[in-house]
Amino acid sequence: MNKQMYSGAQILLKSLVKEGVEEIFGYPGGVVLPLYDALYMQDEIKHYLVRHEQAAVHAAEGYARASGRVGVAVVTSGPGACNTITGLANAYYDGTPLILITGQVNSKLIGADAFQEADVVGITRSCCKHNYLVKDVKDLARIIKEAFYIATTGKKGPVVIDIPVDIFNAKYTFEYPKNVELVGYNPNYKGHPLQVQRALETLFEAKRPVIISGGGVMASNASNELKEVATRLQIPVVHTLMGTGTYPDSLETSLGMMGMHGNYCANLTVANADVIFAIGTRFSDRITGCLKKFARDAQVIHIDIDPCSISKNVKATIPIVGDIKNVLSIMIEQLNKSKHVVNNDLKEKWFNDIREWKKKVAIPQKMSEKLSAITVLNTIYDYTKKDEPIVATEVGQHQMWTAQNFKFNQPRKLITSGGLGTMGFGFPAAIGAMAAMKKGYVLNIAGDGSIQMNIQELMTCVDYKFKVINCIINNGYLGMVRQWQEKIYNEHYSQTKISSPDFVKLAQSYGALGIRVEREEEIIPALEKAIEFDGPVMIDFVCENFEMVYPWVLAGQPIDKVLLSREEC
Amino acid sequence: MPTSHTISVLVTNEVGVLSRIVDLFSGRGYNIESLTVAPTLDSIYSRVTIVTRADDDVIEQICKQLNRLIPVIKVANLTLGDAIEYEIGLLKISVNDENRAEFMNIVAQASAKIMDVTEKIYTVKIDGDEKQVQTFAELVRPFGIKEFVRSGKVAITKSGQFSTFKNRKDELKLSL
């Protein structure tokens, strides 16, 4: 009996459907024409047309982060593929599961410097978890199966599949493999029970314990387990930027964000702890400050699915390689069996210290009659919190103010570029989040610098009537860099004063709603109008130029050297 | 203190696997002192032997990072165990009538082997560990070394722990 034959393009789409993909982001071009033709002929997968390939990958990442599913992007060869590098690097850093399909020139022309040819496997090697060049249509379904498996297991990340145009056209039967056979890839999920036992014993005896919750807790969907462990062991929890929302900010035991712009209390707690229970964090330099002085006297228990993250920057006393949800579940089981009674007397002084540290916060800055960015963000938060919207951010001062002033009680609500720090990430990521959620609205908190990096996506937003509310904290500067110049480079504002178009008119020209806000009393009416509007909105908040982000630990300083105002500098 | 380590890496024999390893070293600022690659008995796998110099904690990172690569099946730091290390040096040396006897004496004592002889040039093979090859080169340096070609290091454990695998199941068991 003859089996039905399909083109490579059809096999790709059928495989995506098998993986449960319903939406993809992309941009067509010469060598992906057969794929776009196959897309045209089907209705199982919806394609969102962006305006720049970088935005396609960021949107796929926003989609993945908001939904917990895999983000998929499709681009053409050469320039299309090259434009995705920032997006890939961003997803690789922050551990977001993505599949990027890049078209490639005809396999017979590879290496011949063909039109729109680029060595995609070579270029993307260091910014993705794995990549493939498909050389035979017979391998296509297997490769897609492997790619999804690699992207979604271990430390999640982006996988690139480079497909030459002749493979898209070649015919073969379709049978999607049931299993994956990768001898060199066996991420350890279990976590060693004896190590967990040792960790528990150490935590029982700790006088000054703290939990650091990182992005891994979100990736592993382990918020409930974290809450149970922290509550039963009576340990305060700080989170990293990527760990925002993994432990509810509303709880008394949540000390908020730690790190360069973390809370005074969170930083002091970590700096003075005798046992640090680090869960799913890489200990990046933005968290540790001066590495030599970080946790010098503390025992460090470190859970991570990626063995590379353990003892890379901070030496772990008790390393536990495994999936966080599994490891914390083992811990809860052992707690259930244990006769140990958690004794808070040991920690009484510690809780007192923490209560004292909590009182020290950044001192408000009133500099001129212009709007304060912090006031704007607090007002936005208060007004929108009932809707619990997803909040995306770009990168810079506005990002830190958002992380500091918004309270998150659930994971996957803050979508921000953590590791790579990509300006221009927030807007397309918000589009991806909107595509995943399909209802309500998504806030994108932006700066006047960042928003101009992917502003072309306003058209994508208008096309699909995505309700992304861009709140532009417009202070006329690349604020975070300016802040460093003020403090460290003698106020030499070298190339950081940045001009912007009239965002209101710009929004209108795209068919979006533009609103300018210059006074405090205009903030809420603007938000009301924005939420009512059926489509994307740009609110231009004209803010004070020289407001600073505090608390601030200068780069290279120990994390307990926290500056709370300009006067302290 | 940076020390020299011999790391043996078993990989699937596929296009680009060496680039992945070399990129990892250059991208993370690690240093490769020598490198050899060849297929194993079962040609679907290759063995890569890398000599690198670094602090112990960096070596640990290197091994972890290598393990993270998808085509890498197993990584072993042979410096830590009981291993035999071997490399080859090929040298072209000027020899004349006056010093020929002395030269032949050194060659014999070092168990080197003469591979080719022309009127003025002797080509010699020396094998052994790094130190033996180095010592021989130092000994014949006064004669005048015209060319010195050195292989990277290959190494093998004395116990049978890190052998090539006959089938994927055995290999899976061992790679865990």
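Residues numbered from 1 in each chain as written. Chains lettered and ligands numbered in written order. Predicted model: local features only at pLDDT ≥ 70, side-chain atom pairs only at ≥ 80, totals over all residues. Heavy atoms only, no water.

Chemist: Whenever I open this one, the overall build of chain A confuses me. Can you help?
Modeler: For chain A, the helix and strand inventory stands at 22 helices and 20 strands. Here chain A has a C-alpha radius of gyration of 25 Å; the compact-globule value for 569 residues is 25 Å, and the two agree. Its C-alpha atoms put chain A at 75 × 60 × 40 Å along the principal axes. Across the 569 residues in chain A, those meeting the buried criterion constitute 60%. Once local pairs closer than 6 in sequence are excluded, the contacts in chain A between residues at least 24 apart make up 77%. Of the roughly 23000 Å² of accessible surface on chain A, 50% is carried by carbon and sulfur atoms. (Helix = DSSP H or I, 4+ residues; strand = E, 2+ residues; numbered from the N terminus. Rg over C-alpha atoms; globule rule 2.2 N^0.38 Å. Buried < 20%, exposed > 50% of the residue type's maximum accessible area, 1.4 Å probe, protein only. Contact = heavy atoms within 4.5 Å. Areas by Shrake-Rupley, 256 points an atom, 1.4 Å probe, with all protein chains shown as cover.)

Chemist: Quick question: what am I supposed to make of the packing of aromatic side chains here?
Modeler: The geometry of an aromatic ring pair is captured by two quantities: the separation of the ring centres and the angle between the planes. All names here are of chain A. Inspection of the entire model under this criterion finds 20 aromatic pairs over all chains. When the ring of Phe283 is compared with that of Phe294, the centres are 5.7 Å apart and the planes differ by 65°; the resulting orientation is edge-to-face. Taken together, the residues span a long stretch of sequence, with Phe283 in the loop between strand E12 (275-279) and helix H13 (285-288) and Phe294 in the loop between H13 and strand E13 (299-304) at a distance of 11 residues. In this structure Phe283 comes out as buried when scored by relative accessible area, which is 1%. Through pairs of rings, three or more aromatic residues link up here, namely Phe25, Tyr48, Tyr63, Tyr464 and Phe466. It is Lys386 that lies over the ring of Tyr383; its NZ or CZ is 4.5 Å from the centre. Here Arg482 stacks its cationic end above the ring of Tyr477, 5.9 Å away from the centre of that ring. (Phe/Tyr/Trp six-rings, centres within 6.5 Å; stacked < 30°, edge-to-face > 60°. Lys NZ or Arg CZ within 6 Å of the ring centre and 35° of its normal.)

Chemist: Sorry, what's going on with the domain arrangement of chain A here?
Modeler: In many reports, interface size means the accessible area that the parts give up when they come together. Residues and elements named next belong to chain A. Parsing chain A into structural domains produces domain 1 (5-173), domain 2 (193-358) and domain 3 (373-549). One C-alpha centre belongs to domain 2, the other to domain 3; they are set 31 Å apart. With 18 residues of domain 2 at the interface, the matching set in domain 3 holds 19 residues. In total, domain 2 and domain 3 occlude about 1400 Å² of area from one another, counting both sides; carbon and sulfur atoms represent 64% of this. There are zero salt bridges connecting domain 2 and domain 3. Counting every contact that joins domain 2 to domain 3 gives six residue pairs in polar contact (both at pLDDT 80 or more). For the side of domain 2 that touches domain 3, the residue count by class is eight nonpolar, seven polar and three charged. (Domains from an automatic or database assignment. Buried area = accessible area lost by both parts, 1.4 Å probe. Salt bridge = Lys/Arg side-chain N within 4 Å of Asp/Glu carboxyl O. Polar contact = N/O pair within 3.5 Å; in protein donor to acceptor, adjacent residues only side chain to side chain. Nonpolar A, V, L, I, M, F, W, Y, C, P; charged D, E, K, R; others polar.)

Chemist: I would appreciate a short explanation of the environment of Tyr176(A) in the present structure.
Modeler: Residues and elements named next belong to chain A. Locating Tyr176 in the fold gives a position in the loop between strand E8 (171-173) and helix H9 (193-205). For the pair Tyr176 and Phe294, spaced 118 residues apart in sequence, the C-alpha to C-alpha distance is 49 Å. Among the polar contacts listed, one links the side chain of Tyr176 to the side chain of Glu19, at a separation of 2.6 Å. Separated by 3.3 Å, the side chain of Tyr176 and the backbone nitrogen of Lys145 make a polar contact.

Chemist: How should the interface of chain A and chain B be read in this particular structure?
Modeler: Facing 21 residues of chain A, the contacting portion of chain B comprises 22 residues. Summing both sides of the interface, chain A and chain B together bury roughly 1700 Å²; the carbon and sulfur share of this comes to 52%. Broken down residue by residue, the surface that chain A buries against chain B is led by Arg125(A), Val183(A) and Cys308(A), which jointly contribute 36%. The interface formed by chain A and chain B contains three salt bridges. One salt bridge in this structure joins Lys315(A) and Glu60(B), with 4.0 Å as the shortest N-O distance. Joining chain A to chain B, the criterion identifies six residue pairs in polar contact (both at pLDDT 80 or more). When its residues are assigned to classes, the side of chain A that touches chain B shows eight nonpolar, five polar and eight charged.

Chemist: Explanation requested: a nonpolar patch on the surface in the structure shown.
Modeler: Residue and element names in this part refer to chain B. A cluster of nonpolar side chains, contributed by Leu18, Val22, Leu35 and Val37, occupies part of the molecular surface with about 250 Å² of accessible area. Counting only elements with at least two residues in the nonpolar patch, the list comes to helix H1 (17-27) and strand E2 (34-39). Here Leu35 falls in the partly exposed class, since its relative accessible area comes to 31%. (Patch = residues over 30% accessible without salt bridge, like charges linked within 9 Å, V, L, I, M, F, W, Y side chains within 5 Å.)

Chemist: Mind showing me how you'd approach the side chain of Thr12(B) here?
Modeler: Position of Thr12(B) relative to the elements: it lies in strand E1 (residues 3-12). By relative accessible area, which is 15% here, Thr12(B) ends up buried. Those residues in contact with Thr12(B) that lie beyond four places of it in its chain are Val183(A), Val17(B), Ile44(B), Tyr45(B), Pro71(B) and Ile73(B).

Chemist: Explain the pattern of salt bridges here, please?
Modeler: Two side chains that carry opposite charge are able to pair once their charged atoms sit near each other. This model, assessed by the stated rule, comprises 34 salt bridges over all chains. When the shortest N-O distance is used, the salt bridge between Asp82(B) and Lys158(B) registers 3.5 Å. Of this pair, Asp82(B) sits in the loop between strand E4 (72-77) and strand E5 (83-94) while Lys158(B) is found in the loop between strand E9 (154-157) and helix H5 (168-175), placing the two residues 76 residues apart along the sequence. Grouping residues by exposure puts Asp82(B) and Lys158(B) together as exposed. Three or more residues are tied together by salt bridges with common partners; here these are Glu61(A), Arg65(A) and Asp94(A).

Chemist: I keep staring at the pairing of strand E14 (residues 318-321) of chain A and nothing clicks. Help me out?
Modeler: On a regular strand, one side chain projects to one face of the sheet and the next to the other, so that they alternate. Residue and element names in this part refer to chain A. A one-sided burial pattern is seen for E14, the buried positions being Ile318 and Ile320 and the unburied ones Pro319 and Val321. One ladder, built from four bridges, connects E13 with E14; its direction is parallel. When the bridges of E14 are listed, Ile301 appears paired with Ile318. (Pairing = 2+ DSSP bridges.)

Chemist: Sorry, what's going on with the nonpolar core here?
Modeler: Across soluble globular proteins, nonpolar side chains have a tendency to be buried as a group. Residues and elements named next belong to chain A. In terms of nonpolar packing, the biggest core is built from 51 residues, with Phe25, Ile415, Ile451, Phe466, Val468 and Met538 touching the most fellow members. Shared between two domains, this core takes at least three residues from each, and those domains are domain 1 (5-173) and domain 3 (373-549). Core analysis: the second largest hydrophobic core is formed by 40 residues, Tyr6, Val72, Leu140 and Ile143 among them. (Core = buried A, V, L, I, M, F, W, Y, C linked by side-chain atoms within 4.5 Å.)

Chemist: What should I look at first to understand the confidence of the model for chain B in this one?
Modeler: Atomic detail in the predicted coordinates should be set aside for any region of low pLDDT. With 90% of its residues at a pLDDT of 70 or more, chain B shows a mean pLDDT of 88. In the model output, the complex is listed with pTM 0.94 alongside ipTM 0.88. (pLDDT = per-residue confidence, 0-100.)

Chemist: Please clarify how helix H4 (residues 130-140) of chain B should be interpreted in this entry.
Modeler: Each turn of an α-helix holds 3.6 residues, which means side chains three or four residues apart point in the same direction. Listed in full, the buried residues belonging to H4(B) are Val133(B), Phe136(B), Ala137(B) and Val140(B). When H4(B) is viewed along its axis, its buried side chains cluster within an angular range of 100° and face the same direction. (Arc of directions from axis to C-beta.)

Chemist: What exactly am I supposed to notice about helix H22 (residues 523-532) of chain A here?
Modeler: All names here are of chain A. When we look at burial in H22, the residues that qualify are Ile523, Ala526, Leu527 and Ala530. Seen end-on, H22 carries its buried residues on one side only, within an arc spanning 100°. For H22, the elements touching its buried residues are helix H16 (373-384), strand E18 (468-474), strand E19 (513-517) and strand E20 (537-542).

Chemist: What exactly am I supposed to notice about the sheet that holds strand E15 (residues 390-393) of chain A here?
Modeler: Residue and element names in this part refer to chain A. The parallel open sheet is built from six strands, whose spatial order is E16-E15-E17-E18-E20-E19. Strand pairing shows two members of the sheet lacking a second neighbour, strand E16 (414-415) and E19, which therefore form its edges. Its contacts with the sheet place helix H18 (residues 426-437) against E15, E16, strand E17 (442-447) and E18, and it is angled at close to 180° to E17. (Axes fitted to C-alpha atoms, helices over the stretch in contact; angles between N-to-C directions.)

Chemist: Quick question: what am I supposed to make of the pairing of E17(A) here?
Modeler: Residues and elements named next belong to chain A. Burial of E17 is extensive: six of the six residues sit out of reach of the surface. The alternating pattern of E17 places Val442, Asn444 and Ala446 on one face and Leu443, Ile445 and Gly447 on the opposite face, and all of these are buried. Looking at chain direction, E15 and E17 are connected through four bridges and run parallel. Paired with Val391 across the two strands is Leu443, which belongs to E17. Sheet topology note: the E17/E18 ladder contains six bridges and is parallel.

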